[in-house]
Amino acid sequence: MLMFGVILASSGLLLMIERGILARVGPPPLHPPAGPSRRDGRDSTAELELEVLRDTRNRTIRALCGQRSMPRSVWELPPGQRRTVLRHLLVSDKYRFLYCYVPKVACSNWKRILKVLDGALESVDAKGKMDHKSDLVFLGDMKPEEISYRLKHYYKFVFVRDPMERLLSAYRNKFGEIKEYQQKYGVEIVRRYRKNGGNSAGDDVSFSEFLQYLLDEDVERMNEHWMPVYNLCQPCAVRYDFIGSYERLHADANHVLERIQSPSFIRFPERQAWYKPVTAQTLHYYLCNTPRRLIKELLPKYILDFSLFAYPLPNVTSEFCRQ
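Residues numbered from 1 in each chain as written. Predicted model: local features only at pLDDT ≥ 70, side-chain atom pairs only at ≥ 80, totals over all residues. Heavy atoms only, no water.

**Description of the pattern of salt bridges**
Point 1. Considering all chains together, one arrives at 12 salt bridges under this definition.
Point 2. For Asp204, the salt bridge identified is with Arg194, shortest N-O distance 2.9 Å. Here Arg194 lies in the loop between helix H8 (179-193) and helix H9 (207-216) and Asp204 lies in the loop between H8 and H9, a separation of 10 residues in the sequence.
Point 3. The partly exposed category is assigned to Arg194, whose relative accessible area is 26%.
Point 4. Where Glu297 meets Arg293, a salt bridge forms, and the shortest distance between an N and an O atom there is 2.9 Å. Of this pair, Glu297 and Arg293 both sit in helix H13 (residues 292-308), four residues apart, which is roughly one turn of the helix.
Point 5. The exposure class assigned to Glu297 is partly exposed, which follows from its relative accessible area of 38%.
Point 6. Accessibility expressed as a relative area gives 45% for Arg293, which makes it partly exposed.
Point 7. A single salt-bridge network, built from bridges that share partners, covers Arg54, Arg248 and Asp252. (Salt bridge = Lys/Arg side-chain N within 4 Å of Asp/Glu carboxyl O. Helix = DSSP H or I, 4+ residues; strand = E, 2+ residues; numbered from the N terminus. Buried < 20%, exposed > 50% of the residue type's maximum accessible area, 1.4 Å probe, protein only.)

Okay, here's the thing in structure tokens:
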């Protein structure tokens, strides 16, 4: 019933796809580039664009979440959906905040910050592989009354990213670099979608094959690296105080650090030297070399991420792809 409500509430958004996903879509000025931190003062134009972004998000979330069929709390979610969001909400009792981590949206750096705030890590620049489980407190490990108290009284935030850019980042990282993912997912994807693909080691999955796999996958059974943000963090059941953008990562991170009154020596980490960012040109290349039909059919699974967080639908017109 709840999933029907989500589909019903977003039916107008799905109609946008039917009427012209392939029509020209120019990105609106809703994700302004990061300027100086608040302590240094912000450019008035960038500040205005930021207010437009936040107002758009807030209005859209209120409109969708105001539907009668939508959940008002985590306790109204089906058990599986409730488990997902509670195991993605990280807790800081010392600083009284909840952070919903979204893979491929700088969550490793936020986990570093949580560990430093808790005294489990000396510095955000500490070397070594990130342990995504130890020295972290998950809301899902608490008792119901403890969960309810923190959801009501703690500052809650989440960071989001352009849905297609996030999927491309996950694809390049997991199937290009991580053997575990190549063996667990890649081998099956190639076997399922490629003729005579039985000898693949899973390290040669094409982006189109990956998207076809996502199209056929049940959203609630997806790996967290490509599960929609809506399903990971449930912005109707959890009323977030702040939604940050990957496009304004450092400026928005500074805002959160100031809001939670973190020690002044804590700053948001810089990108690791090995990190390969998804540029606009890279995204353009992959989207324009993917069958349009596939992108069109996949969008309904991620339409709430596009609409709630004010991201434009991907532009894959012939004119755009010739550029």
